[in-house]
Structure formats: structure tokens, C-alpha cells
Amino acid sequence: MSERAPSTGTSADRSVIRADRLSKTFAGRTVLSEVSLDISQGEIFGYLGPNGAGKTTTTRLLLGLLRPSAGTALVNGHDIGRSLEARRQIGVLLEGNGLYDRLSALDNLSYYARLFEVSDVKARVAEMIDLVGLSDRKRDSVGTFSQGMRRRLGLARALLHRPTVLFLDEPAAGLDPEAQKLVRDLIATLSSDDRITVFMNTHDLDDVQRICSRVAILCTGRIQADETLAEWNARAEATGLVLTLVSESSADEAARALEELPDVSGCTIDGKTITVTSSRDLPTTKVIRLLEAQGIELHEVRRAKRSLEDFYLETTREARTDD
Amino acid sequence: MTRLRSIVVKELKEILANRYSVLVSAALSLFFGVMFAIQATGRGSPIPQQMPIFLLSSIVGLFISYTFASQLFYREKLSGTIETLLCSPISLRTLWAGKVIAVVLPASLLALAASLVTIVIGAVRTGHVTIPSGPVICHILLVVPLFNATLAGLFGFAQMLLGMRENRLIGILFFIPLFAALYGFGLGPAGHATYGWSSFLILGAIAVALLGLVGVLSRFLSRERIVTTLP
């Protein structure tokens with residue numbers, strides 16, 4: 001299977017997942033606060049955040065498993081919690097795979113196929129088992145499967161009834177690199193060819209960079225960032241410098257001087273190397289002149305491309321500080 | 001109906017896949033059947049008409065229902081499959097009903113089998129086949145499944161409603177009072193008198209009322225309650 005670019009979800013696309021000022025409080029403790037999302041058809045939406053940030057709560061609210069304390073959550077224009085028919089349109093792969101250990105792979109998928117009233121159950125189940133490469137184990141009980149095999153079968157289960165919206169929680173968790181690629185390619189193909197909308201809870205930043213068209217970061221129950229990957233890539237290119245000094249002894253002094261500059265949000269020192277992060281494009285000439293004025297000799301200056309990991313860590317750190 | 005049938009079939013498959021539990025349940029039915037036959041025929045008389053076969057079938061049915069209901073509801077929650085299932089186009093009541101039916105079928109069959117074992121062994125020991133009276137037959141075929149459904153339904157409701165820690169206690173809370181009530185009924189009016197139509201009607205009415213109550217209770221189950229009490 002070839003890698004394909006996911007849909008970028010243009011403004012002309014239909015809004016498929018919509019959360020409007022969604023909040024959830026458990027026993028007086030606010031877990032989610034005024035989360036708003038608008039995800040278009042065919043988008044692959046990466047939902048990032050540290051453990052306990054409220055990602056699972058958001059997913060459960062969107063799936064209608066929890067009632068919001070305030071705000072609304074709609075999928076395909078429906079409150080999933082109230083509409084059985086609307087649930088036909090969604091596929092879910094949660095932390096557990098939704099599989100019964102004592103039943104065979106075949107029985108597991110056949111059961112779900114019947115619940116979703118899939119036409120020609122036998123053929124569709126065989127097709128999906130084949131798709132995830134488990135045909136030779138289809139009659140074995142799922143309890144004998146490895147974690148990766150269960151995950152693959154769980155994905156086949158989620159796709160069985162041809163959903164238009166897919167909710168995935170760490171889809172590649174427990175998979176070997178080959179299976180990870182299979183799952184990634186499959187998700188990308190579903191988005192680009194079938195225009196399936198994917199909402200993906202994940203900690204895997206590599207997966208996000210490879211297949212997501214949009215990323216949101218949730219921390220302390222609030223959305224801290226929500227950007228398309230193209231927007232994020234443009235910002236990542238524009239900000240930050242990596243300076244290599246001639247002498248390690250002047251690194252502290254250089255960092256202090258650099259931190260005085262407007263727009264510089266921080267400096268990290270690693271030996272003779274200083275990584276400067278800034279909220280806006282930082283002119284290299286300005287930096288060079290500043291250090292020359294301080295009598296600090298520079299060996300090299302280059303643009304730093306912030307990784308998604310840097311962006312994620314900065315965002316969550318700032319959110320925790322503000323909180 | 002297709003979805004309900006699918007749930008029943010799948011739950012029956014799950015019950016049968018747990019061979020240990022099936023074997024223990026079958027062995028228990030056989031054991032109770034044999035013990036009741038020995039007790040009833042040990043007094044030197046042929047099996048009396050009022051012999052509490054109704055009691056045997058009720059006890060076996062309840063015990064098996066308890067075992068199977070624990071498997072189907074508790075495991076569904078413990079493994080977390082319930083969360084995925086709640087995202088499918090089935091209502092909570094359909095899911096609950098499917099599981100209850102799947103528990104009632106084998107539990108009632110094993111209760112019937114235990115009664116047959118008692119009759120056969122009684123006949124072997126006395127050389128005389130005693131066919132149970134009409135009310136007793138109706139009890140086995142109608143009241144026992146209703147009581148089984150009540151217990152399975154109550155278990156299902158409680159196990160879905162409560163957290164895992166509380167779930168460990170509900171077996172005692174539900175099983176013992178029901179068992180004691182039936183046993184008391186067997187020792188009292190029905191154990192020493194002919195199990196007639198009046199006994200059948202009283203027990204039948206109690207069973208229907210309890211099942212109705214369970215049906216009403218099931219309306220208080222919510223997806224949120226289930227999801228927030230997952231382990």
C-alpha cells in the first residue's frame with residue numbers, strides 16, 4: 001500500500017465532527033473546559049495531550065458515552081448518544097480493542113457485522129480479516145493473539161461497517177514497525193480515497209507528522225493549539241536558530257544576552273551549542289551583531305526547524321505554567 | 001430482533017467457550033439431581049407427588065444464572081468491550097435483554113435436566129416412575145425461567161451500575177436473599193404440602209413482579225454511568 005497525502009479539509013468541506021464550547025465536570029472537578037473543534041470531511045485530526053489532559057473525555061463526549069456539562073458535541077450533525085442510527089456511521093477503536101478473547105477472530109467480526117447489519121456478513125468479514133493479514137488465524141480464539149494482532153483485528157472491526165467517521169485511540173499502540181506502517185497507510189488511504197474523517201487520540205508524534213492533516217494540543221482541559229499541519233510546518237520553518245560558539249565558556253553569557261531580545265521565548269545550552277526559540281522569525285544578522293557586541297565569537301549560525309515534539313512540549317509547559 | 005438474536009447467539013457462544021464453567025454447572029445440576037432423588041427415595045417410599053422438584057429446579061436455575069450472569073456482565077465491563085459495544089447501534093436495554101435471555105436459556109435447561117435426573121434416579125431406586133404434577137411442570141417451564149431472568153437481570157443491572165469493588169459484594173447481596181426466600185418457601189407451604197396451582201400462581205406472580213421491577217430499574221442505567229465505572 002502506498003503512502004498518500006491525507007485530505008487537508010478545505011473550508012468547502014462539510015463539517016463532520018463539531019464540538020462547541022464543550023465542558024465536562026466530574027464531582028465538581030472540571031476535566032474539560034470550553035473545547036471547540038470543527039473537523040471537516042476527510043481530515044485526519046491528531047488530538048495530542050499529556051495523560052489526564054482530557055483526551056479520552058473529549059472522545060467519550062463526541063461518542064455520546066458521556067453527557068456534556070455544557071456545550072454540544074455533534075458527529076455528522078447528530079448527538080451520537082441519542083441516535084442509534086447515527087452510530088452506524090462511526091467506527092471506533094478505543095484503548096481496548098472491543099474484542100472477546102474466548103471467541104475466534106471470525107466470530108468477533110461476525111458479531112459486530114450483525115449488530116451493524118452489514119450486508120453479506122461472510123464476505124465482508126473475510127475481506128477485513130484479509131486486509132489486516134490475519135486470514136491464517138481467523139479461526140483461532142482472540143485470547144491466543146499477540147497485542148499487535150489484536151490491534152489489527154480491532155481496526156478491522158472498526159472498519160467493518162464502512163463508517164464515514166473513525167475514532168481511533170492510539171491506533172498503532174503495541175504494533176511492530178511493519179504493522180504500524182500498514183495501519184498508517186490504511187488510515188491515509190481511507191482519508192484520501194474514501195473521504196473518511198479520522199479523529200485520532202495519540203501520543204505518537206511521528207504518526208501525527210506522517211499522516212495527520214491537523215493537530216490540536218489539549219492540556220489542563222483546554223485546547224492550547226489547533227493548527228493544520230501545513231500551518232505548523234510553516235511556523236516551524238520560520239522560528240528558531242541554532243548557534244555554535246567558538247568557546248563553551250561564553251555560552252551562559254550568550255544565552256543571557258539572547259534572552260533579552262524581544263520575541264525570544266527561550267534558550268537551551270548544550271556545550272557550545274545554543275538553541276534559541278522565538279515566537280517570530282529571528283533575523284540572524286541581529287543575533288550576530290548582538291553577540292559580537294558582547295565579544296562572543298560565533299562558529300556557526302543556522303535556522304532551527306522546530307520539531308512537533310518541541311512545539312508540543314513548549315505548548316504543554318506553557319499551559320501548565322498559566323494554569 | 002436481528003440484533004437481539006445476534007447478542008443472544010454471541011453470549012451463548014461465550015458461555016459455551018468457557019468449558020470449565022459449563023462443566024461445573026452441569027456437574028452441579030447432576031449432583032443436586034442425584035442428591036434430591038436419594039433424599040426423596042431414602043425414606044422407603046416412592047417419590048411423593050409433593051416432592052420439592054420445584055425447589056430443586058429453582059435452586060439449580062438460580063445458581064447457574066448467578067454463575068453465567070457474572071460471566072457475561074462482569075467480564076464485559078472488566079475487559080472494557082462494553083465501551084465499544086455502546087458505540088454500536090444497539091440500545092442499552094437490547095444489550096441487557098440479550099444477555100439475560102442468553103443466561104436464562106442454559107440455566108433453565110440445566111434446571112430441567114436436574115429435575116429429570118431426580119425423576120430417573122427415583123424411578124431406578126423405587127421401580128416406579130412418578131410424573132410431576134401439572135403445577136410442578138408449569139413451575140419448571142415457566143416460573144423457573146422467570147426467576148432466572150430476574151436474577152440475571154438484577155445482576156446485570158447492578159454490575160453495570162456499580163464499580164468493580166462494589167461488584168464483588170453484589171453476589172452475596174442478591175443471591176442469598178433470593179435463595180433463602182425460595183428455600184423458606186420450600187420448607188414452608190410448598191415443601192410439606194402438595195405443590196398446587198395456588199403455589200404456582202403465587203410464585204409465578206412474585207417472579208413476574210420481580211422481573212417487572214428489574215425492567216423498571218434497567219431504565220436507570222445510563223451509558224455515562226457504565227463508562228465512568230469502568231476499571
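Procedures and definitions
Residues numbered from 1 in each chain as written. Chains lettered and ligands numbered in written order. Predicted model: local features only at pLDDT ≥ 70, side-chain atom pairs only at ≥ 80, totals over all residues. Helix = DSSP H or I, 4+ residues; strand = E, 2+ residues; numbered from the N terminus. Buried ≥ 20, exposed ≤ 12 C-beta atoms within 10 Å, placed from the backbone. Core = buried A, V, L, I, M, F, W, Y, C linked by C-beta atoms within 7 Å. Contact = placed C-beta atoms within 7 Å. pLDDT = per-residue confidence, 0-100. Nonpolar A, V, L, I, M, F, W, Y, C, P; charged D, E, K, R; others polar.

### Some points on unusual backbone geometry
All names here are of chain A. For glutamate 34, which is not glycine, the phi torsion reads 50 degrees and is therefore positive. Within the element layout of this structure, glutamate 34 appears in strand β2 (residues 29-40). In this structure, glutamate 170 is a non-glycine residue whose phi angle is positive, near 50 degrees. Note that glutamate 170 resides in the loop between β6 (165-169) and α6 (177-192). Of the residues examined, glutamate 170 has 18 C-beta atoms within 10 Å and is grouped as partly exposed.

### Comments concerning the nonpolar core
In this structure, Leu109(A), Ala156(A), Val198(A), Phe199(A), Val60(B), Ala69(B) and Val103(B) are the most contacted members of the largest nonpolar core, which totals 132 residues. Here this core gets 15 residues from one element, more than from any other, and that element is helix α3 (residues 53-79) of chain B. In contact with Leu109(A), other than residues within four places in its own chain, are Val125(A), Met128(A), Ile129(A), Ala156(A), Arg157(A) and Leu160(A). Of all hydrophobic cores here, the second largest spans 13 residues; its members include Leu241(A), Leu243(A), Leu245(A) and Leu258(A).

### Description of the confidence of the model for chain A
Residue and element names in this part refer to chain A. Averaged over all residues, the pLDDT of chain A equals 87, while 94% of them reach at least 70. Within chain A, helix α8 (residues 229-238) has the poorest average pLDDT of any element, 74, and helix α3 (residues 105-115) the best, 96. Across residues 1-5 the pLDDT falls below 50, and counting only partners more than four positions away or on other chains, this stretch makes 9 contacts in the model. Low pLDDT, under 50, characterises residues 8-12; the predicted model gives this stretch 8 contacts beyond four residues in sequence or across chains.

### Some remarks on the interface of chain B and chain A
Across the contact, 22 residues belong to chain B and 27 residues belong to chain A. Broken down by secondary-structure element, the contributors of at least two residues to the side of chain B that touches chain A are α1 (2-17), α4 (81-85) and α9 (223-228) of chain B. Here the side of chain B that touches chain A takes 7 residues from α1(B), the largest share from any one element. Residue composition of the side of chain B that touches chain A, by class: 6 nonpolar, 9 polar and 7 charged.

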